[in-house]
Amino acid sequence: MSEEPACDYNGCSVIGTIVSRLSPEGYLVATGKKAYSFREAYRRFHYCAEHHDVLMSGVWSRVRKPDDKKDGHVAPTAI
């Protein structure tokens, strides 16, 4: 029987029940391998509900800020 994964947010040890494509820094992280779909192309992370909400809040506040479009990261709405 496999063990439940811990939350990937730094310093959290709660079970990560939400699977996400966002890294702990709030960005999509590509695997670097040939992939034919979104599901294959990006790494998967596990988060507890609290930290997933924190990451999503950061993503949406960054997407709405007009002066933060030159950081080299693709907005989650562009995929």
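Residues numbered from 1 in each chain as written. Predicted model: local features only at pLDDT ≥ 70, side-chain atom pairs only at ≥ 80, totals over all residues. Heavy atoms only, no water.

A. Layout of helix α2 (residues 49-64). In this model α2 runs 23 Å from its N-terminal to its C-terminal C-alpha over 16 residues, within 8% of the 22 Å that 1.5 Å per residue would give. Within the sequence span of α2, burial applies to His51, His52, Leu55, Val59 and Arg62. When α2 is viewed along its axis, its buried side chains cluster within an angular range of 105° and face the same direction. Across α2 from its buried face, at more than 90 degrees, point the exposed residues Glu50 and Arg64. Tucked inside the fold, the buried residues of α2 contact β1 (18-20) and β2 (45-47). (Helix = DSSP H or I, 4+ residues; strand = E, 2+ residues; numbered from the N terminus. Expected span 1.5 Å × (residues − 1). Buried < 20%, exposed > 50% of the residue type's maximum accessible area, 1.4 Å probe, protein only. Arc of directions from axis to C-beta. Contact = heavy atoms within 4.5 Å.)

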